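Summary of structural features
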Amino acid sequence: MGLNLLFLGVLLLPWASALLVALFPKPLFSISLSAIFSVAALYFCTTAAIDFKIAYPWFNLGGQPLNLSFWANASAQLVLGLVAIVSFCVQLFSKSYLKDDPSIGRYYLYLHLFVGSMTLLLLTDSILIFYGAWELVGACSYLLISFWHQKTAAIQAAKKAFLINRLGDIALLFGLIALGLHFNTWQFSAMHGIAPTLIGIAIIAGGMAKSAQFPLMSWLPDAMEGPTPASALIHAATMVAAGVFVGVRVFDITGPETHLFMGIIGAISFLAGAVFALFQNDIKKTLAYSTISQLGLMWMGMGSDASLFHLLTHGIFKAGLFLAAGAVIHTVHSQSLNDMGGLRKKAPVAALAYLIFGAGLMGLPLTGGFYSKENIAGYLYTSGQVELLVVLALGMVLTSFYISRQFYLIFMGPLKEGSSTKEFALPISILIIASLFIWISVNPLEMHENTLISIYHIPSFWLYITAATWVLGIAGAYVTRNWITAGNYQFLPRFWPSLFRFIRWKSRSAQVFETQFIDRFVNGIAALQVIIAHLTAWFDKHIVDGILVGGSAGLSAGTGRILSRWQSAKVQSYWAMIIVTFALFLLYALFIK
């Protein structure tokens, strides 16, 4: 009973916190509530069974009972732990980062709603509740991206994220309904067997949009218009993680064709995201494309604990990179690499953090990223996916390249203008500690077996390849260390120009068709309706009311007035009418004769 109450507390606390923060919008109060949630969530993850289940009666649908069912398996517990750690650090960081913002209470409200939606998505076993939580995550993302709604770019970015995710959401909705009908159950844990390929691909399409995978990836770099701490939450622990998590949920009940589809999409996204991270002069857009790339790596390793493990380690060091980037932006009051340089002197904590988190992104030893990337390599090697191993090696070179060059451009070289600050040290330090190897294994070069993560061993030659990727990437960064791209290159116009031109042509054609044909048709229908309404009103007033209703009423009134004279109550009048009537009768009789 104690564990059940703890579970309900973890599930409901973010929603209660959102209500309380709406009533008392104080940062310290919000951070305290977030700390309570994080402690409760982590305690639950360390004490609950690996396959924790609980259900409550809900309602009947077609004679079939539907329950409020929840399922906290190993994957859900791992991601919940990530949400707990990152959400607390983001709330703590935001207190200083947004201290002068008049709407900071609304911002904290959105954060609690976001965490509540993600927690519900992770822990539910019901398809219906899962989709509801999925939509709530998207809605909260829209609210956070457009938080500074006075900026046109923020509104446009939020709309873009919302609309692109709608494509995936529609596919996911059809996929989940078909999944429930196919297995004749609405609970994930009760599904056994393999679903048809089309159903699996529809569900994965929803995950692709949410985790910004090819070709639905363009919304994520634009989403950088939101506050930087919110970017850390969206790109590390919540929205993009939800896309990968749905793949984890359905992997065992989908077939090899769906798995191949996941691997291909992941490989394209892994390389494309890394390539475009090279061609950004905006510090946050670089990290956004990096996120796309790393999520692609998780899709490549989908079906293994290695993918889920990389989701956890990546969530830690990517959240740290975003918060460190926020500290840099706060120092120079700009997101452009052109305004940065030599900031190791002005922002030493951010420099150390960027170095450690960047090492985790590269997969260097002494970081959690080393274990998770090598574990994915081991899984690909064990499962015979040599082609994806080659993709992994190329992507690792590009990853080392862009993150090393970015570190140099921000923290090395001559010092530029900036104001020093140390107020962000605590949340960044928590993530630094969480990203180190000591939480995973005492041996910095080998990961030990545990109950949550399966270990995939790799041949010794792969370690030489890994080391070579680090050397090549860092060398490339050194050679191009002073080069800053003139603009932020977008994916479609650069990587797939023909598709971009086609989409732009289709968009313009659709706009012309809408304005010249659909709008005119609709406006014509509206004008015709107005004319018909005026004619109907005239007919009703003059014909119906004037002739029919008014004429009959006048006739009745006249007849009434004439007949009323017969009822005068005067005896002499009655005798006069009798005499007149008798006289008329006599005249008629004489006329007939």
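Residues numbered from 1 in each chain as written. Predicted model: local features only at pLDDT ≥ 70, side-chain atom pairs only at ≥ 80, totals over all residues. Heavy atoms only, no water.

Here we take up the overall build of the protein. When its secondary structure is counted, the protein shows 21 helices and 2 strands. The long-range fraction of contacts in the protein, counting pairs at least 24 apart against all pairs at least 6 apart in sequence, stands at 79%. (Helix = DSSP H or I, 4+ residues; strand = E, 2+ residues; numbered from the N terminus. Contact = heavy atoms within 4.5 Å.)

A word on the layout of surface pockets. Of the voids in this model, the second largest pocket is the one considered here, and its volume is about 460 Å³. Looking at the lining of the second largest pocket, the elements that each hand over two or more residues are helix 3 (74–97), helix 10 (239–250) and helix 13 (305–332). A breakdown of the residues in the lining of the second largest pocket according to their chemical character gives 11 nonpolar, 6 polar and 3 charged. (1 Å grid on protein atoms, 1.4 Å probe; cavity = no way out; pocket = protein on both sides within 12 Å on 5 of 7 lines; lining within 4 Å. Points joined across faces, edges and corners; volume = space filled by probe spheres on them. Nonpolar A, V, L, I, M, F, W, Y, C, P; charged D, E, K, R; others polar.)

For the pair helix 6 (residues 152–183) and helix 7 (residues 197–210), interaxial distance at closest approach is 7 Å and the crossing angle is 150°. Handedness of the crossing formed by helix 6 with helix 7: left-handed. Note on element contacts: helix 7 touches helix 6 through Ile 199, Ala 202, Ile 203, Ala 205, Gly 206, Ala 209 and Lys 210, opposite Ile 164, Asn 165, Gly 168, Asp 169, Ala 171, Leu 172, Gly 175, Leu 176, Ala 178, Leu 179 and His 182. For the contact of helix 6 with helix 7, the residue count by class is 11 nonpolar, 5 polar and 2 charged. (Axes fitted to C-alpha atoms, helices over the stretch in contact; angles between N-to-C directions. Left-handed = near helix turned anticlockwise from the far one by under 90°.)

Take the side chain of Asn 165 next. With respect to the helices and strands, the residue Asn 165 is situated in helix 6. Residue class for Asn 165 comes out buried when judged on its relative accessible area of 3%. Contacts of Asn 165, omitting those with residues within four sequence positions, involve Ala 209, Lys 210, Trp 219 and Met 239. (Buried < 20%, exposed > 50% of the residue type's maximum accessible area, 1.4 Å probe, protein only.)

For the rest of this paragraph, the subject is the pattern of salt bridges. Scanning all chains against the criterion turns up 5 salt bridges. Of the charged contacts, one joins Lys 151 and Glu 225 as a salt bridge, the two residues approaching to 3.4 Å between their closest N and O atoms. Note that Lys 151 is positioned in the loop between helix 5 (127–145) and helix 6 and Glu 225 in the loop between helix 8 (219–222) and helix 9 (228–236), a separation of 74 residues in sequence. Take Lys 151: its relative accessible area is 33%, and that puts it in the partly exposed class. Overall, the relative accessible area of 24% leaves Glu 225 in the partly exposed class. The closest approach of N and O atoms between Lys 160 and Asp 222, which form a salt bridge, is 2.7 Å. Taken as a pair, Lys 160 in helix 6 and Asp 222 in helix 8 lie far apart in primary sequence, 62 residues in all. Assessed through its relative accessible area of 28%, Lys 160 is described here as partly exposed. One continuous salt-bridge network, built from bridges that share partners, spans Glu 135, Arg 166 and Asp 169. (Salt bridge = Lys/Arg side-chain N within 4 Å of Asp/Glu carboxyl O.)

With that settled, consider helix 14 (residues 348–362). Each turn of an α-helix holds 3.6 residues, which means side chains three or four residues apart point in the same direction. Taking 1.5 Å of rise per residue, 15 residues should cover 21 Å, and helix 14 covers 21 Å from first to last C-alpha, within 8% of that figure. The buried fraction of helix 14 is high, at 11 of 15 residues. Two residues or fewer past helix 14, Gly 363 is found with a positive phi of approximately 85°. (Expected span 1.5 Å × (residues − 1).)

The way to describe two aromatic rings as a pair is by their centre distance and the angle between their planes. Applying the stated criterion to the full structure yields 20 aromatic pairs. When the ring of Phe 407 is compared with that of Phe 411, the centres are 5.2 Å apart and the planes differ by 40°; the resulting orientation is tilted. Here the residue Phe 407 and the residue Phe 411 both occupy positions in helix 16 (residues 386–411), the gap between them amounting to 4 residues, near one helical turn. A network of ring pairs unites the aromatic residues Phe 7, Phe 44, Phe 52 and Phe 70 as a single cluster. Directly above the ring of Trp 71 sits Lys 53, whose terminal nitrogen or CZ lies 5.6 Å from the centroid. Above the plane of the ring of Tyr 478 lies Arg 481, whose end atom (NZ or CZ) is 4.1 Å from the centre. (Phe/Tyr/Trp six-rings, centres within 6.5 Å; stacked < 30°, edge-to-face > 60°. Lys NZ or Arg CZ within 6 Å of the ring centre and 35° of its normal.)

In terms of nonpolar packing, the biggest core is built from 173 residues, with Leu 179, Tyr 354 and Leu 392 touching the most fellow members. Looking at this core element by element, the count peaks at 16 residues for helix 13. (Core = buried A, V, L, I, M, F, W, Y, C linked by side-chain atoms within 4.5 Å.)

A grouping of Leu 19, Leu 20, Leu 23 and Phe 24 is seen on the molecular surface, where their side chains present a nonpolar patch of about 400 Å² in accessible area. The residue Leu 19 is located in helix 1 (residues 2–23) in this model. (Patch = residues over 30% accessible without salt bridge, like charges linked within 9 Å, V, L, I, M, F, W, Y side chains within 5 Å. Areas by Shrake-Rupley, 256 points an atom, 1.4 Å probe, with all protein chains shown as cover.)

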